Amino acid sequence: MTPADGGDASAPVARLAGVSLHYGKTVALDAVDLEVPAGCMVGLIGPDGVGKSSLLALISGARIVQQGEVHVLGGDMRSRRHRGRVCPAIAYMPQGLGKNLYPALSVEDNLQFFGRLFGHAAGERRRRIDDLTKATGLRAFLGRPVGKLSGGMKQKLGLCCALIHDPDLLILDEPTTGVDPLARSQFWALIDRIRHDRPGMSVIVATAYMEEAERFDWLVAMDAGKVLATGAPGELHERTGTDTLEAAFIALLPEEKKRGHQAVVVPPFADGKDVAIEARDLSMRFGDFTAVDQVSFRIHRGEIFGFLGSNGCGKTTTMKMLTGLLAPSEGEAWLFGQKVDARDIATRRRVGYMSQAFSLYSELSVRQNLVLHARLFGVPQATIPQRVDELMTRFGLHDRPDAMPDQLPLGMRQRLSLAVALVHAPELLILDEPTSGVDPVARDAFWQFLIDLSRNDKVTIFISTHFMNEAERCDRISLMHDGRVLASDAPAAIVKQRDSRTLEEAFIAYLKDADPAEADAVAAP
């Protein structure tokens, strides 16, 4: 029985016993035993690939149970009859902005489709659509095609479509990844409001943001397809003696995975006079769409400079203009005093670029990837073997020289991609969201590599991220939104300028100033 049917409200909303799941030879879940409490906000935390999405898919009924038992809303999900009864009471918002939406249809058409799908009559659909779009600030955009919505708007519309049938269980798979802090705060305010109106509804969320998980009632920490620990955030802090969930997660990892881990320490930057990068009024248009709008900044040699912003705000496009991969529509940029020109190979060889996708050749081994890129960048043939061995040792790859990239853990692929970007000893390293999805131990180790490169080798680091704790490690940052730079300064200075407690609060203040209409997009309760 579901709670709506009068079932036991004190019973867990989901119970898993001995659950394992395989994708070919890959183990996604490994003998998981778990009871998820009902009527509260439950968070699944852990890096990409640990089994969070697989667990949510099993609970939602979207994936077949291979091994073990999965009971949801009072019944066995292996039973077709039970699935047929409870799946209409489950709302599932998959990972990726707009993945449950139809981009060619308008906001209104998407909501009408989902309303029809759940059997609502025309009058009831109208009432629900009006209520949901008023609550989310989408009413003024009912006629707009989904493909022309911002990331935050897609996020809200996806939630509206999931909630149009008053579910007993709401499942959200990384719903806020890649959106700006204002859209994230609005999203969780909306969830709080909905839970207040429907206190019996259970919510299960997978998140990539540890600071976001602090607000949840109960957490499930996962690694390698297993459950590491469960409990309220405060309980995990108390159990591990830590102040942050990221530190708690590291403490909960098996000893072999955290051996040698050290907290990241960033020595002060000795500000030099030499300028590595200068951008002046850079703009980039694709047809009638402006991706980058009058961006200007300077980065000093040896500095760690961060670009902070949501997906689609123009960070990657700006980086591509600086490397000569894209010619700007307007404006100019200089690298080491030389105007950026795609034909200037000598200047481009002074730059290393690491893309979001880890640009590796999957059919080549670790050593072969490094050798190939060394040859492409004109490293003298006689010095290539020594350079490759040096990088494999420095980045902990010396034990796997013949492994293929796809055989490596995500953190090791990340280190290989960094080694490839450094194979020609560049003076400037441009990194486009290099740590997305990796575990906290690997992320800290990666940042230690960057700090050593900056402080010891005087390599200039230009890195984009949407993690606040990473931005705080930079010497200076630019806050970017909708193709524009809102502020540039040291992280602590930006916080002080807005009289905020945290960098996230300061960023939200700038976003509200930049786009008052978006700031008011969620109606007051």
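Residues numbered from 1 in each chain as written. Predicted model: local features only at pLDDT ≥ 70, side-chain atom pairs only at ≥ 80, totals over all residues. Heavy atoms only, no water.

Counting along an α-helix, one turn takes 3.6 residues, and residues three or four places apart therefore face a common direction. All of the buried residues in helix α8 (residues 233-240) are P233, L236, H237 and T240. End-on, the buried residues of α8 take up no more than an arc of 100°, which puts them together on one face. Summarising the contacts, the buried residues of α8 are in contact with α7 (210-213), β9 (218-223), β10 (226-231) and α9 (245-252). Count one or two residues on from α8 and you reach G241, which has phi positive near 65°. (Buried < 20%, exposed > 50% of the residue type's maximum accessible area, 1.4 Å probe, protein only. Helix = DSSP H or I, 4+ residues; strand = E, 2+ residues; numbered from the N terminus. Arc of directions from axis to C-beta. Contact = heavy atoms within 4.5 Å.)

Glancing now at helix α11 (residues 315-322). Most of α11 sits inside the fold, with six of its eight residues counted as buried. Among the residues of α11, K315, T317, T318, M319, M321 and L322 are the ones counted as buried. Backbone geometry just after α11 places G324 at a positive phi near 85°.

This part is about a nonpolar patch on the surface. Where nonpolar side chains cluster on the molecular surface, the patch consists of Y102, L105, F113 and L117 and spans about 350 Å² of accessible area. Considering the arrangement of structural elements, one finds L117 in helix α3 (residues 107-117). The class of L117 is exposed, set by a relative accessible area of 54%. (Patch = residues over 30% accessible without salt bridge, like charges linked within 9 Å, V, L, I, M, F, W, Y side chains within 5 Å. Areas by Shrake-Rupley, 256 points an atom, 1.4 Å probe, with all protein chains shown as cover. Salt bridge = Lys/Arg side-chain N within 4 Å of Asp/Glu carboxyl O.)

Note: strands within a sheet are paired through backbone hydrogen bonds, in either parallel or antiparallel orientation. One open sheet holds the six strands; their spatial order is β16-β17-β18-β13-β19-β20, and the pairing between them is mixed. Only two strands of the sheet have a single neighbouring strand rather than two, namely β16 (351-354) and β20 (484-489). Shown here is a sheet whose adjacent strand axes are inclined to one another by a mean of 15°, direction ignored. Across four bridges, β16 lies against strand β17 (residues 428-432) in parallel orientation. Bridging across to β17, V351 finds its partner in L428. Running at roughly 150° to strand β18 (residues 460-465), helix α16 (residues 440-457) makes contact with β13 (304-308), β16, β17 and β18 of the sheet. Lying on the sheet, helix α19 (residues 503-514) is in contact with β13, β19 (476-481) and β20; it crosses β20 at an angle near 140°. (Pairing = 2+ DSSP bridges. Axes fitted to C-alpha atoms, helices over the stretch in contact; angles between N-to-C directions.)

Once the domains are mapped, the protein chain shows domain 1 (14-258) and domain 2 (274-342 + 457-518). Relative to domain 2, the C-alpha centre of domain 1 lies at a distance of 32 Å. Between domain 1 and domain 2, the residue contacts involve 16 residues of the former and 13 residues of the latter. Carbon and sulfur atoms supply 57% of the area buried between domain 1 and domain 2, which totals about 1,200 Å² over both sides. Three residues stand out in domain 1 for area buried against domain 2, namely G178, P181 and L182, and they jointly supply 40% of the buried area on that side. In this structure, the connection of domain 1 to domain 2 is made through one salt bridge. For E504, the salt bridge goes to R184, with nearest N and O atoms at 3.6 Å. At the junction of domain 1 and domain 2, the tally comes to two residue pairs in polar contact (both at pLDDT 80 or more). Of all elements in the fold, only α5 (151-163) and α6 (181-197) reach the threshold of two or more residues within the side of domain 1 that touches domain 2. When the residues that make up the side of domain 1 that touches domain 2 are grouped by side-chain class, the tally is six nonpolar, five polar and five charged. (Domains from an automatic or database assignment. Buried area = accessible area lost by both parts, 1.4 Å probe. Polar contact = N/O pair within 3.5 Å; in protein donor to acceptor, adjacent residues only side chain to side chain. Nonpolar A, V, L, I, M, F, W, Y, C, P; charged D, E, K, R; others polar.)

Applying the stated rule across the entire model yields 33 salt bridges. Residues D76 and R78 are paired through a salt bridge, measuring 2.8 Å at the closest nitrogen-oxygen approach. D76 gets classed as buried once you look at its relative accessible area, which sits at 19%. Linking D192 and R215 is a salt bridge whose minimum nitrogen-to-oxygen distance equals 2.5 Å. With D192 in helix α6 and R215 in the loop between α7 and β9, this residue pair connects regions lying 23 residues apart in the sequence. Classification of D192 by relative accessible area gives partly exposed; the value is 34%.

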